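Secondary and tertiary structure notes
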Amino acid sequence: MSLATGALAGLGAGPVPAAPPHASPLRRNLLALLGAAILFAVAARIIELRPLELIRDAGNIGQFLKGYLRPSFANVPEYAWQCVVTVCIALWGTLLAVTVSVPLGLLGARNLAPHPIVYMAARRVMDVLRAVNEFVFALMFVTAVGLGPFAGMLALGLHTGGVLGKLLSETVEAIDPGQLEAVTAVGASRAHAIAFGVVPQVMPNFLSYILLRFESDIRSASVIGMVGGGGIGFYLWDTIRAFNDREAATVILLIVAMVMCVDVVSSRVRRAAI
Amino acid sequence: MRSIVSPVISMDRVAKNFLSKRALDHVSATIHPGQFVAIIGRSGAGKTTLLRCLARALTVGSGAIHFGDVDLATLAGRALREHRAQVGMIYQQFNLVRRLRVLDNVLVGRLPHQTGWRRWAAVARWFAPAERAIALRCLAHVGMVDRVWQRADTLSGGEQQRVAIARILAQDPRVILADEPVASLDVLNGRMVMDTLRRIASGAGLTVVATLHHVDYARAYADRVLGLRAGALVFNGPPSELSDAMLVDIFGEYPPPLVAAGAAPFSDVAAA
């Protein structure tokens, strides 16, 4: 203790004061680690995790992929058109999602909801929309509007609407309350308070979430055709199931190219807008 | 004082608790039109709580606050919004909408004045040219007209507070409530802000109520001082009656005599 020099030398000498009691986190961390290990071990048994078989029989995958090495170009125009349809499904699906998410997200934000019951209701609606997979929605809408891209777009829009609504409500809850208070304090109406006190604060994040979900919707739209939701997914399903390897390879390549193109475009938009 | 003029604000045994902690302890006072009133006291003495009650951002626990003839506790919905339009708020942290331009921030003050379809146009941030002209004149009054297209978060603290003052000028209220308007500013900017508030108060006949934790500011600018200690009103009078003993009463054992008694406050700044 007498080693202290410089600023430390000015501190009082004598016995070191005792720190207040504090439980060591070591025991708790070890217990948590053990609990996680057990959880994952049980889960591994349930999903029949057998890594050795993957290594031993990896050659079979090569056999399977061999058929994909020579993609066919016979039906490329049709597949390309279905890719266009897929992008359109995602575009309108995202637009529907934004339309659904704005009222839900605002009402489902604790600091904007006019009443706790409204808040709870909006939250539960968003929970349901998120919990139900877009494929389930698609099967539902196919019975209403028939097979095709319209059903797929509705399904994507509803599910993504729940996701975007949740993200929006959390963004709204994180705003600086002072800016909103100042707008409210001039006697602004609720619509004015949202337009001036909330929108400028949440817009950059919300735009970014919309683009992120659009990219994700492209991937979903590319498989929703499997259940009759239109787009390239139908051919993906059809060619794989028929073991038409060369055609399937073409479809997969086109999907990959489409996703990459959309990601490039949307990241450009993101940089320009935010 | 000016008993012929009816008070603009009257507080009658206003009390407010936060959980079990007493924030305001039966405060009674009246504030007359055109007065510049400073509320002083230590941190936690209830200054901000009192101001927020006057602004109807909080409701009083017991007692009543009348604004003109209106009991604030009865206000709701449209009537509450109309009351808020009569009261301009200035904040310690300025509370400009940081991502909006200076002009849009001043136009926020014009929101309660929009009627008919213009209310809806204003949701899309569209205002009539006459409204923008008002906003520009308000900015010119605080010397910020050259910053009109800048985003609010690019301004310094003093500049932001001046834009906030332009915002309440545009709002055209009857009363200005200022919550520690200079606590986040350096002395020069603080004086500029206080001078502007003072000028508005005497020029337009507006009433200003400001919480301040520096006695110097209260002495230099206020017509009347309310001293709070632990939520209770312990002083209510002109700043000339603020004796050293009185300051001890308000601030406790360590009054901050930054300026020797009798010296003009801020004489050092004025010389600079």
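The structure this text deals with has already been given above.
The following paragraphs examine the structure supplied in this document. This is a predicted model, so every value here is computed, not measured. (Residues numbered from 1 in each chain as written. Chains lettered and ligands numbered in written order. Predicted model: local features only at pLDDT ≥ 70, side-chain atom pairs only at ≥ 80, totals over all residues.)

1. As for the sheet that holds strand β1 (residues 9–18) of chain B
All names here are of chain B. Taken in spatial order, the 4 strands line up as β2-β1-β4-β5 in an open sheet, and their pairing is antiparallel. Of all strands in the sheet, those with a lone pairing partner are β2 (21–31) and β5 (70–71), marking the two edges. For strand β4 (residues 62–67) and β5, the ladder comprises 2 bridges, and the chain directions are antiparallel. Bridge assignment links F67 to a residue of β5, and that residue is V70. (Pairing = 2+ DSSP bridges. Helix = DSSP H or I, 4+ residues; strand = E, 2+ residues; numbered from the N terminus.)

2. Some details on the interface of chain B and chain A
Of the residues lining the interface, 21 residues belong to chain B; the matching set on chain A comes to 17 residues. Elements that contribute at least two residues to the side of chain B that touches chain A include exactly α2 (77–86) and α4 (117–123) of chain B. Examining the composition of the side of chain B that touches chain A, we find that 4 residues originate from one element, α2 of chain B, more than from any other. In terms of residue class, the side of chain B that touches chain A is made up of 11 nonpolar, 4 polar and 6 charged. (Contact = placed C-beta atoms within 7 Å. Nonpolar A, V, L, I, M, F, W, Y, C, P; charged D, E, K, R; others polar.)

3. Concerning the pairing of β1 of chain B
Residues and elements named next belong to chain B. In this structure, β1 lies alongside β2, joined through 7 bridges in antiparallel fashion. Residue pairing in the sheet places F18 in a bridge with K21 of β2. Here β1 folds back onto β2, and the loop between the two strands holds 2 residues, one of which, L19, carries a positive phi near 55 degrees. Bridge analysis of β1 against β4 gives 5 bridges, and the strand direction is antiparallel. Within the sheet, the bridge partner assigned to S10 lies in β4 and is H66.

4. Side note on the pairing of strand β3 (residues 36–40) of chain B
The two faces of a sheet get side chains in turn, since along a regular strand they alternate between them. Residue and element names in this part refer to chain B. Most of β3 sits out of view: 5 of its 5 residues are buried. Residues of β3 alternate between two faces, with F36, A38 and I40 on one and V37 and I39 on the opposite face, all of them buried. Across 4 bridges, the pairing between β3 and strand β9 (residues 224–229) is parallel. Directly across from I40, in β9, lies its bridge partner G227. (Buried ≥ 20, exposed ≤ 12 C-beta atoms within 10 Å, placed from the backbone.)

5. Describing the sheet that holds strand β8 (residues 207–212) of chain B
Residue and element names in this part refer to chain B. Taken in spatial order, the 6 strands make up an open sheet running β6-β7-β8-β3-β9-β10, and their pairing is mixed. In this open sheet, the two edge strands, each paired with only one partner strand, are β6 (87–90) and β10 (232–237). Sheet twist, expressed as the average angle between the axes of neighbouring strands with direction ignored, equals 15 degrees. In this structure, strand β7 (residues 175–179) lies alongside β8, joined through 5 bridges in parallel fashion. Along β8, the bridge assignment pairs V175 with T207. Taken strand by strand, helix α6 (residues 157–171) contacts β6 and β7, and its axis lies near 175 degrees from that of β6. Running at roughly 155 degrees to β10, helix α9 (residues 244–251) makes contact with β3, β9 and β10 of the sheet. (Axes fitted to C-alpha atoms, helices over the stretch in contact; angles between N-to-C directions.)

6. Some details on helix α11 (residues 245–273) of chain A
Here α11 of chain A spans 42 Å end to end across 29 residues, near enough to the 42 Å set by a 1.5 Å rise per residue. In this structure, the buried residues of α11 of chain A make contact with α4 (76–107), α9 (190–224) and α10 (233–241) of chain A. (Expected span 1.5 Å × (residues − 1).)

7. Points about the packing of α6 of chain B against helix α7 (residues 187–204) of chain B
Residue and element names in this part refer to chain B. Contact geometry for α6 and α7: axes closest at 9 Å, N-to-C directions at 10 degrees. Classified by the angle their axes make, α6 and α7 are roughly parallel. In the crossing of α6 with α7, the sense of the turn from one axis to the other is right-handed. Residue-level inspection shows G157, G158, Q161, R162, I165 and L169 of α6 in contact with α7, the latter providing N189, M192, V193, T196, L197 and I200. For the contact of α6 with α7, the class distribution of residues is 6 nonpolar, 5 polar and 1 charged. (Parallel < 35°, antiparallel > 145°, perpendicular 65-115°, else oblique. Left-handed = near helix turned anticlockwise from the far one by under 90°.)

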